[in-house]
Amino acid sequence: MAYNVLIVDDSATMRALVRKVLKIAGLELGECFEGANGREALEILQHNWIDLVLSDLHMPEMDGAALVKALRQNHLWQTIPVVLITTEGRREVLAPFFESGVQGYIRKPFRPEDIKEQLQTILGEAWVPNDRELEGCDF
Amino acid sequence: MIENLKAATFEVLETMFFIFPESLEEAATLFHGSGIRAWVPVQGPKKFRIGLTMSLSLAREMAANFLGLEKDEVSPERIEDVVKETANMVAGSFLRREEAPGTFNLQPPEARPLDLDGEIWKGNAHNLLLAVEDSGLEVFLDTSH
């Protein structure tokens, strides 16, 4: 199964990096969409089938918290797995997100292996690694 | 506090950029040429800024490492974005290490160019001067804002 992934981050550079790491990590990518904030992410979701959302928390216009809330309140989107990729590392800030059904969390700075481990956990048996190796990979 | 800032900086540079800074006395003599300064304002019970200053050549090397590109393939916009994102990650790691309450919030990072030869470089209680090969790297915590 090829996954359509939505990457949401206000840094174009970070979006490019995550996209690259997803390929290296072995996720069978379908289409890879990018949004600079929650509002752009919702627009993409309205017009495309998305299997996985990887989102930053701190973003202008509409942040990750508002995006997660909107996803969980929409019956079409509420089952889409969401993984936070964020500089935020404080438990008291992150706890409400896990209570609202966010499936995973990757703290920046991260290694490619961190993303692979998170996706393997979330996607479980659906994970189909390709033949690329992470060991010694170069960003 | 400065130890947590140092640990946060080393964590980010080593994990994301494969760059290993050193604490050397001569670091203050390694700031030359065109540079860039990026910082993240932190809002909350106290307001402060966490940021980095470095030469454009070091910033270009970091951006190339970050994106897996050759140095001459990295645009000025990407260089600025990478330095801002670096400041963002250092600030996030610092707040976590300080166990800062959730009332402290990171604001969007900002950046500006800087003539490194026009500044006085001296380490103090609120900044670190580090050496990355032959370049200087300043990490600062500015409480005056």
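Residues numbered from 1 in each chain as written. Chains lettered and ligands numbered in written order. Predicted model: local features only at pLDDT ≥ 70, side-chain atom pairs only at ≥ 80, totals over all residues.

### A word on the overall build of chain B
- When helices and strands are counted, chain B shows three helices and six strands.
- Ordered by position from N to C terminus, the α and β elements of chain B give α-β-β-α-α-β-β-β-β.
- In terms of C-alpha radius of gyration, chain B reaches 14 Å, essentially the compact-globule figure of 15 Å for 145 residues.
- Sorting the 145 residues of chain B into buried and exposed places 45% on the buried side.
- Pairs at least 24 residues apart make up 67% of the contacts formed inside chain B by residues separated by at least 6 positions. (Helix = DSSP H or I, 4+ residues; strand = E, 2+ residues; numbered from the N terminus. Rg over C-alpha atoms; globule rule 2.2 N^0.38 Å. Buried ≥ 20, exposed ≤ 12 C-beta atoms within 10 Å, placed from the backbone. Contact = placed C-beta atoms within 7 Å.)

### A short note on the sheet that holds strand E3 (residues 52-55) of chain A
Residues and elements named next belong to chain A.
- One open sheet holds the five strands; their spatial order is E2-E1-E3-E4-E5, and the pairing between them is parallel. Two strands lie at the open edges of the sheet, namely strand E2 (29-35) and strand E5 (104-107), each paired on one side alone. Each neighbouring strand pair of the sheet contributes to a mean axis angle of 20 degrees, computed without reference to strand direction.
- Direction of pairing for strand E1 (residues 3-8) relative to E3: parallel, over a ladder of four bridges. If you follow Ile-7 over to E3, its bridge partner there is Leu-54.
- Its contacts with the sheet put helix H3 (residues 64-73) on E1, E3 and strand E4 (82-86), and the angle it makes with E4 is roughly 180 degrees. (Pairing = 2+ DSSP bridges. Axes fitted to C-alpha atoms, helices over the stretch in contact; angles between N-to-C directions.)

### A word on the interface of chain A and chain B
- In this complex, chain A contributes 20 residues to the contact, which on the side of chain B involves 23 residues.
- Mapped by element, the contributors of at least two residues to the side of chain A that touches chain B are helix H1 (12-25) and helix H4 (91-99) of chain A.
- With six residues, the single largest contributor to the side of chain A that touches chain B is H1 of chain A.

### Some details on the pairing of E2 of chain A
Residue and element names in this part refer to chain A.
- Relative to E2, E1 runs parallel, the two sharing five bridges. Each bridged residue has a counterpart across the sheet, and for Tyr-3 the counterpart in E2 is Leu-29.
- Viewed along the sheet, the connection from E1 through H1 into E2 turns out right-handed. (Right-handed = clockwise from strand over helix to strand, strands pointing away.)

### Points about helix H1 (residues 2-17) of chain B
Residues and elements named next belong to chain B.
- Compared with an ideal rise of 1.5 Å per residue, which puts 16 residues at 22 Å, H1 spans 22 Å between its outermost C-alpha atoms and is within 8% of the ideal.
- Restricting attention to buried positions, one finds in H1 the residues Leu-5, Ala-8, Thr-9, Val-12, Leu-13, Met-16 and Phe-17. The buried residues of H1 occupy an angular sector of 120 degrees when the element is viewed end-on, so they sit on one face.
- In this structure, the buried side of H1 is in contact with helix H2 (56-67), helix H3 (76-97), strand E5 (127-132) and strand E6 (135-142).
- Downstream of H1 by one or two residues, Phe-18 has phi in the positive range, about 55 degrees. (Expected span 1.5 Å × (residues − 1). Arc of directions from axis to C-beta.)

### Considerations on H1 of chain A
- With 14 residues, H1 of chain A should cover 20 Å at 1.5 Å per step; its first-to-last C-alpha distance of 20 Å lies within 8% of that length.
- For H1 of chain A, the full list of buried residues reads Thr-13, Met-14, Arg-15, Leu-17, Val-18, Val-21, Leu-22 and Ala-25 of chain A.

### Some words on the pairing of strand E4 (residues 110-115) of chain B
All names here are of chain B.
- Counted residue by residue, E4 has zero buried out of six residues, so it is predominantly exposed.
- Of the pairings in the sheet, the one linking strand E1 (residues 34-43) to E4 comprises six bridges and is antiparallel in character. Of the residues in E4, the one forming a bridge with Ala-38 is Ala-111.

### A look at the confidence of the model for chain B
- On average, residues of chain B score 92 in pLDDT, and 99% of them reach the 70 mark or higher.
- On the interface metric, ipTM, the complex scores 0.79, and its pTM is 0.86. (pLDDT = per-residue confidence, 0-100.)

### Topic: the nonpolar core
All names here are of chain B.
- Counting 74 residues, the largest nonpolar core has Ile-50, Ala-59, Ala-87, Val-90 and Ala-91 as its most contacted members.
- Of the residues forming this core, the biggest block, nine residues, is contributed by H3.
- Not counting chain neighbours up to four residues away, the residues in contact with Ala-87 comprise Ala-38, Trp-39, Val-40, Ile-50, Gly-51, Leu-52 and Pro-109. (Core = buried A, V, L, I, M, F, W, Y, C linked by C-beta atoms within 7 Å.)

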